[in-house]
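# Structural overview
Listed below are the residues making up each chain.
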Amino acid sequence: MVQPGYAEYDYPPPPSQGRPTHTNVPSPPPAPTFEEQQVWEPRKDAVRDAFKHAWKGYKDRAMPSDELLSVSGGRSNKYNGWGVTLFDSLDTMWIMNLREEFAEAVASIKDLRFNSTKPDHYAPFFETTIRYLGGTLSAYALSGDKTLLQHANRLGELLLPAFDGTESGLPAYSVNVDTGKILSDSNKNTVLFAEATTCQLEFKYLAKLTGKKEYYQRVQTAMNLFYKADVKDGLFHENWLMKDGTPTGAHFTIGANADSGYEYMLKQWLQSGDPQAREQYIKSANGIIANLIYMTPKRKLLYVGDLSNGRLVHRLEHLSCYLPGVLALGASTLYPSHLTQKDKELHEWAAHGLAYTCAVSYLDQETGLGPDEMTMPTGTKWIDEVTSWKEAGRIGDAPGMGEPAPSQNPSGHDYVNNWPNAYLLRPETVESIFVMWRTTGDVKWRERGWKIFQAIEKHTKTEYGYSSVHGITGQVRHLDDMPSWFLAETLKYLYLLFDDISSITADNWIFNTEAHPLPVFEWTEEERKAFGIVL
């Protein structure tokens, strides 16, 4: 029976999980032997137990609100009040084979209408897309439950006015749940690069499932504005004018406000074979490597900073630790058809060096938890160091590949943790560690992930769940907050890191920026004509 408020559709089943023909399938690492994998099975089970503890706390104390206050046992509603932790957790449950919990969770939202939960309710476009829509689509792709597809279509219809309300076609910051009226962020006339470019995976898959061309066309119109801009070195401005879709300001970052926009360029190619997205990703990745990656003077750690008014800001955000995983994934899927041997090598080195910096920033701390932001010493541009090393005969390892030993003596860190020494249960480092394991097969990445999980278990666990903390260099203080991304991303990536390598493989799935796996698919000839797709 179709719920009130939903149109009747003869929805197709999720696309079949055949190998894509539009891209190279990365060679998986050599499978661990049965004996080797037995070491990791109990570690995988420990992550599942952590998820069950977090889920129980949320279900018992906070559901159907958005998030659990994990110290007091209270609840919060920062993301629409529709139960964001539930939507973010559905596919994690399925992957962890928690099918009873999954069924109960889906049943609890069967009659949800995504109505307003407060006066003048504006749904934030970016967060609603990546968490609610992404989580719902992923759970449907895994389970085939039609209730979830109906919810996904309703969410798509609710969010579409964000595109229609701006002259440029870029999505507005938020949309009124009842009226479709749009609202900018703090009355600004701009939209952030990440917020305009982190909806394509979700809406294109929704178009595939429903046959609705508007889902595809709205997000592609937004992408075309960025392609048309033809920015220097593939580096996109942080802010873009909603009126005409042109860039403004002089701040360039791959961290907060821009991060997932770069990620989605590669993943649009991997999802459905978009060559324009592929070429833009290659240009942007090369631009990032040439302009933003630096190396510290003492330990030779790689980091990626921001450009502000032509000057590099020497800092590393935890949010930026997604980048090594993207570079590693790109190197493994684009070579040899679309990436030269020289560029592949450079991208792999950058991925390795950045991933190690992100990992060692955890191992350097007394608690084993990584800082949310670090101020780096003024280093040297990494690409210049690589060029000099090559000209000198390529003696020894490439610059930044040395993996200096962890040190819990702050004087030897080559960076300073920014106040307040926070660890916010973020996923980016374990995300990249997972990709490094899947693309290299080097077990040291698994071992590093296990140490991080042990630190999470020791220092962030509470009676009701897990908590973000301050004070990672010593005595931690719990913040009474369990973000939904902890269940959606952090625990999922750790579980998959320890799971058999045949689980959620790159030849069949791509992760959205909230770690919701979506299927790889190809457009049919009929869909290309109907949607106006040019490949």
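Refer to the preceding data block for the structure.
Model, not experiment: these values are computed from the prediction.

### Remarks on the overall build of the chain
Of the regular secondary structure elements, the chain holds 18 helices and 21 strands. In terms of C-alpha radius of gyration, the chain reaches 22 Å, essentially the compact-globule figure of 24 Å for 535 residues. If you line up the chain on its principal axes, its C-alpha atoms span 70 × 50 × 50 Å. For the chain, long-range pairs separated by at least 24 residues make up 75% of all intrachain contacts whose partners lie at least 6 apart in sequence. Working note: accessible area of the chain is about 20000 Å², and carbon and sulfur atoms make up 50% of it. One finds the centroid of the 52 positive side-chain charges in the chain at a distance of 1 Å from the centroid of its 67 negative side-chain charges.

### Here we look at the side chain of S89
Along the chain, S89 turns up in helix α2 (residues 84-95). Given the relative accessible area of 0%, S89 is considered buried. When sequence neighbours within four positions are dropped, the list of residues in contact with S89 reads F51, W55 and L487.

### Description of the packing of aromatic side chains
A complete count under the given rule lists 32 aromatic pairs for this structure. Ring centres of F226 and W240 lie 4.6 Å apart, and the angle between their planes is 70°; on these two criteria the pair is classed as edge-to-face. Taken together, the positions of F226 in helix α9 (residues 213-229) and W240 in strand β7 (residues 237-241) put the pair 14 residues apart, joining distant regions of the chain. Residue F226 shares its accessibility class with W240, and that shared class is buried. Plain terms: the ring middles of F236 and W240 are 6.1 Å apart, the flat faces sit at 40° to each other, and that makes the pair tilted. The same class applies to F236 and to W240, which are both buried. Clustering of aromatic rings is evident, with ring pairs tying together F193, F226, F236, W240 and Y262. We note R99 situated over the ring of W94; from NZ or CZ to the ring centre the distance is 3.7 Å.

### Quick word on the sheet that holds strand β19 (residues 477-478)
With respect to topology, three strands assemble into an open sheet ordered β17-β18-β19, the strand pairing being antiparallel. Every interior strand has two partners, whereas the edge strands, β17 (422-423) and β19, have only one. As paired strands, strand β18 (residues 469-470) and β19 are joined by two bridges and run antiparallel to one another. Its bridge partner lying in β19, H470 is registered against R477.

### Points about the sheet that holds strand β14 (residues 373-375)
Read across the open sheet, the three strands follow the order β13-β14-β16; overall the sheet is antiparallel. Two strands close off the open sheet at either side, each with one partner strand: β13 (315-317) and β16 (416-417).

What counts as what
Each chain has its residues counted from 1, following the order in which its sequence is written. For this predicted model, a pLDDT threshold of at least 70 governs which residues receive local features, and a threshold of 80 or more governs which side-chain atom pairs are given and counted, while totals over whole chains, interfaces and linings are taken from all residues. For the side-chain quantities, the full set of heavy atoms in the structure was used; hydrogens and water were omitted. By definition, any uninterrupted DSSP run of H or I lasting at least four residues is a helix, any uninterrupted run of E lasting at least two residues is a strand, and each is numbered from the N terminus. As a reference, a globule follows 2.2 Å times the number of residues to the power 0.38, and the radius of gyration itself is taken over C-alpha atoms. When checking whether two residues touch, look at their non-hydrogen atoms; a contact exists if any pair is within 4.5 Å. In short, Shrake-Rupley with a 1.4 Å probe defines the accessible areas, and a residue's cover is counted only from the protein chains shown. For the purpose of charge, His is not counted, nor are the chain termini; Lys and Arg are scored as positive and Asp and Glu as negative. Where a charge sits is defined by one atom per residue type, namely NZ (Lys), CZ (Arg), CG (Asp) or CD (Glu). Relative accessibility decides the category of a residue: with a 1.4 Å probe and only protein chains considered, values under 20% of the type maximum give buried, values over 50% give exposed, and everything between is partly exposed. When two rings of Phe, Tyr or Trp (its six-membered ring) have centres within 6.5 Å they constitute a pair, described as stacked for plane angles under 30 degrees, edge-to-face for angles over 60, and tilted for the intermediate range. A ring has a charge above it when a Lys NZ or an Arg CZ is no more than 6 Å from the ring centre and no more than 35 degrees off the ring normal. We treat two strands as partners when DSSP finds at least two bridges between them.

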